[in-house]
Amino acid sequence: DKKFEQILEICSRAGVRLVVVRPPEFQRTYDENPEAHEMLSTFLDERVASFGFEFIDYSQRDSFPHAEKHLFFDMHHVNENGAVMYSEQLSSKLY
């Protein structure tokens, strides 16, 4: 928490454009503990916004096809096909 805020503060003072991204996770990860999932997303969103930076949350259900097992290597990592899709989506938001 403190180290994260220090990074945000350093970037803000230096005029760095910072975009914080939470990557996609397989649907079951969310389903196992939706409260913790939402708490982390809320924490990140609030902290990042308080410094004027952008937070992109691909862990949310409507941002990526989380239930498509063929896009994931494991619960927390996309495979090659998922990486291509994720990279295309992310690059379209960044540029």
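All values reported here derive from a predicted model rather than from experimental measurement.

1. Describing the overall build of the protein
Each helix and strand in the protein was counted, giving four helices and two strands. Pairs at least 24 apart in sequence give 63% of the contacts found in the protein among residues at least 6 apart. Summing over all exposed atoms, the protein offers an accessible surface of approximately 6300 Å²; the carbon and sulfur share of this is 55%.

2. Quick word on the nonpolar core
Membership of the largest hydrophobic core is limited to nine residues, which are Phe-26, Ile-56, Tyr-58, Phe-64, Leu-71, Phe-72, Met-75, Tyr-86 and Leu-90. Once residues lying within four places of it in the same chain are set aside, the contact partners of Leu-90 are Val-21, Ile-56 and Tyr-58. In this structure, Leu-8, Cys-11, Leu-44 and Phe-55 belong to the second largest nonpolar core, which totals eight residues.

3. Here's the deal with the environment of Asp-74
Structurally, Asp-74 can be placed in the loop between strand E2 (54-57) and helix H4 (80-94). Along the sequence, Asp-74 and Phe-26 sit 48 residues apart, while their C-alpha atoms lie 7.5 Å from each other. Engagement of the side chain of Asp-74 in a polar contact is seen with the backbone nitrogen of His-76, the distance being 2.9 Å. A distance of 2.8 Å separates the side chain of Asp-74 from the side chain of His-77, its partner in a polar contact.

4. Side note on the side chain of Thr-29
With respect to the helices and strands, the residue Thr-29 is situated in helix H2 (residues 27-32). Within the structure, Thr-29 has its side chain in polar contact with the backbone oxygen of Met-75 (distance 3.4 Å). In contact with Thr-29, not counting residues within four places along its chain, are Met-75 and His-76.

5. A closer look at the pairing of strand E1 (residues 19-22)
On E1, burial follows the alternation: Val-20 and Arg-22 on one face are buried, whereas Val-19 and Val-21 on the facing-out side are not. Pairing geometry for E1 and E2, over four bridges, is parallel. If you follow Val-20 over to E2, its bridge partner there is Phe-55.

Conventions we followed
Residues numbered from 1 in each chain as written. Predicted model: local features only at pLDDT ≥ 70, side-chain atom pairs only at ≥ 80, totals over all residues. Heavy atoms only, no water. Helix = DSSP H or I, 4+ residues; strand = E, 2+ residues; numbered from the N terminus. Contact = heavy atoms within 4.5 Å. Areas by Shrake-Rupley, 256 points an atom, 1.4 Å probe, with all protein chains shown as cover. Core = buried A, V, L, I, M, F, W, Y, C linked by side-chain atoms within 4.5 Å. Buried < 20%, exposed > 50% of the residue type's maximum accessible area, 1.4 Å probe, protein only. Polar contact = N/O pair within 3.5 Å; in protein donor to acceptor, adjacent residues only side chain to side chain. Pairing = 2+ DSSP bridges.

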